[in-house]
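What follows is each chain in one-letter form.
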Amino acid sequence: MRKFAADRFTRSLLLLGRNYPPYYPFPSSYSSSPISTLSSSRFFSSMASHSPFPVTAHNINPKVLTCEYAVRGEVVTLAQNLQKDLKTNPDSHPFDEILYCNIGNPQSLGQSPITFFREVLALCDHPAILDRSETQGLFSADAIERAWQIMEQIPGRATGAYSHSQGVKGLRDTIAAGIEERDGFPANPDDIFMTDGASPAVHNMMQLLIRSENDGILCPIPQYPLYSASIALHGGSLVPYYLDEATGWGLEIPELKKQLEAAKSKGISVRALVVINPGNPTGQVLSEGNQQAIVEFCKEEGLVLLADEVYQENIYAPEKKFHSFKKVSRSMGYGENDISLVSFQSVSKGYHGECGKRGGYMEVTGFSAEVREQIYKVASVNLCSNISGQILASLVMSPPKVGDESYESFMAEKGNILASLARRAKTLEDAFNKLEGVTCNRAEGAMYLFPQIRLPQKAIKAAENENTAPDNFYCKRLLNATGVVVVPGSGFGQVPGTWHFRCTILPPEEKIPAIVSRLTQFHEKFMDEFRH
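Please read all numbers here as calculations on a predicted model, not as lab measurements.

So, how was this worked out
- Residues numbered from 1 in each chain as written.
- Predicted model: local features only at pLDDT ≥ 70, side-chain atom pairs only at ≥ 80, totals over all residues.
- Heavy atoms only, no water.
- Helix = DSSP H or I, 4+ residues; strand = E, 2+ residues; numbered from the N terminus.
- Expected span 1.5 Å × (residues − 1).
- Buried < 20%, exposed > 50% of the residue type's maximum accessible area, 1.4 Å probe, protein only.
- Contact = heavy atoms within 4.5 Å.
- Pairing = 2+ DSSP bridges.
- Axes fitted to C-alpha atoms, helices over the stretch in contact; angles between N-to-C directions.
- Parallel < 35°, antiparallel > 145°, perpendicular 65-115°, else oblique.
- Left-handed = near helix turned anticlockwise from the far one by under 90°.
- Nonpolar A, V, L, I, M, F, W, Y, C, P; charged D, E, K, R; others polar.

Enquirer: So, helix α7 (residues 141–153): which residues are in play, and what are the values?
Expert: An α-helix turns once every 3.6 residues. As a result, residues three or four positions apart point the same way. In a regular helix each residue adds 1.5 Å, so 13 residues correspond to 18 Å; α7 covers 19 Å between its end C-alpha atoms and thus fits that length. Those residues of α7 lying buried are Asp142, Ala143, Ile144, Arg146, Ala147, Ile150 and Met151. Those residues of α7 that are buried lie in contact with α5 (115–125), α6 (135–138), α8 (169–183) and α15 (387–397).

Rendered as structure tokens:
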């Protein structure tokens, strides 16, 4: 295990100065062979002797070097450089704009925020206007009333003040009530830990669970690279389980058992299972029966179930429905003493897409008082999450109700956004499936499609000659020819020998035809070039 870590460290160092693809700490069908030709000691001494800086790539934390995040990786950096070129010289490329399909960032791509949410936030940030007569004409009555309620709950009635380390108690009460209404089972506000988006909550749990590289976390492949990155940063081992693309990215219990036993045979103590539902990057929505089997598996094996449920409102398949793992486990009769479960939620996704507000929470159930005390201690080190994000999280879990002044406009805004996302997903899915050598499963939920591309051998060879992964080669060629930005599947993990890319469904609906047209024309030329 130590030799593996050292090799991985050396690999990451070399990649800093070469045009090789990022190294991902999970199984990949691509690896760079030139790394083994240079010893780490020679490389370290060479870097140390030539650097004028006290901190170099050879003496920083090696865990940072092994961490990668493809969603903002090489292809995106190239896209940003192209965007600068277009600004200074509009005719410098065969396209007039960059079309970003790489990241789940709705408002950066033109999605409007929900009016009710922003009205409440504005009033809370400037409560002096709550008493003004003109406010009645500018803001809805229920937004004003909600802002008053929230300000009464916040210490000092100031959004610039620190809160309790778990979050404002009144806002946690609101979130717990929302969870209870969603699931039909009780929720305790003391189980809620407010965080700056779901990502810090994931890091908190990895920090809690991982003691050394001998501790493993079962993660889906493909996976959202937050998980591989956080496991690497905290020094653990990612234990992959492969989703079945042939069955719509199915999560099979025999695969979980197989990978768990394989990890145990290597001396790895598996601590937890990550499940992303709806899936990222794969877009599947788990059936309740499948979820019950997953809960049973975690209970039998003594694993913490880490449930990434940030896309719970992004459901597009009429026959599919979101069920939280908390609801599923409670409906099976399992309570606090039966299964350890952490559920992650975020204001960044859903129909609201408030990524920049950095709001989210984790609901922590099934842990001893001693462990909960340690979770609280770590939360206290960070003082608290931002108050605007806390307010938004409470609004997401308690939106306008029937009879409220904002209810009809709120439902119209929400419905229009989700309906448009469903149409965009279907248009892109159909377009991908018409391309030669491409197959794409339906996006039942979330914000992404993950098509598989069967690349000609000549293209794979050309990628090898450029010391890059074939899917990265394809994505860079696509970007340079069309301005369309997608992320290579090797950044998420994939079955060895297969190649994919992740494409969001978030560009404005009127831009989708341009994306389809550019991609189709590029793909035809690409296949013609490399077919023989």
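Enquirer: Break down the pairing of strand β5 (residues 269–276) for me, with residues and values.
Expert: Extensive coverage of β5 is indicated by the burial of 6 of its 8 residues. Two strands pair when backbone bridges link them, and strand β3 (residues 215–221) and β5 are joined in this way by 4 bridges, in the parallel orientation. Following the sheet pairing, leucine 218 is matched in β5 by leucine 273. Pairing geometry for β5 and strand β6 (residues 304–308), over 5 bridges, is parallel. Residue pairing in the sheet places alanine 272 in a bridge with valine 304 of β6.

Enquirer: How would you summarise the packing of helix α11 (residues 253–265) against helix α12 (residues 288–301) if you had to cite specific residues and measurements?
Expert: α12 packs onto α11 with a crossing angle of 25° between their chain directions and a minimal axis gap of 10 Å. In terms of their interaxial angle, α11 and α12 are classed as roughly parallel. Every pair of crossing elements has a handedness; the one defined by α11 and α12 is right-handed. Contacts between α11 and α12 pair Ile253, Leu256, Lys257, Leu260 and Lys264 from the former with Ala293, Ile294, Phe297 and Glu301 from the latter. Among the residues forming the contact of α11 with α12, the class breakdown is 6 nonpolar, no polar and 3 charged.

Enquirer: Please provide a residue-by-residue account of the sheet that holds strand β8 (residues 360–365), values included.
Expert: A sheet is described by the order of its strands in space; here 7 strands give the open sequence β2-β8-β7-β6-β5-β3-β4, paired in mixed fashion. Only two strands of the sheet have a single partner each, and these edge strands are β2 (192–195) and β4 (237–242). Sheet twist, expressed as the mean angle between neighbouring strand axes with direction ignored, is 25°. Each of β3, β4 and β5 is contacted by α11, which is oriented at about 150° to β4, the strand it contacts most. Contacts from α12 reach β3, β5 and β6, with the element oriented near 165° to β5.

Enquirer: If you had to explain the sheet that holds strand β14 (residues 501–504) to someone new, which residues and values would you point to?
Expert: As summarised here, the arrangement of the 3 strands in space is β10-β14-β13, forming an open sheet in which the pairing is antiparallel. Edge strands, defined here as strands with exactly one partner in the open sheet, are β10 (448–449) and β13 (487–488). Here β10 pairs with β14 via 2 bridges, running antiparallel. Residue tyrosine 448 lies in a different strand from β14, and its bridge partner there is threonine 504.

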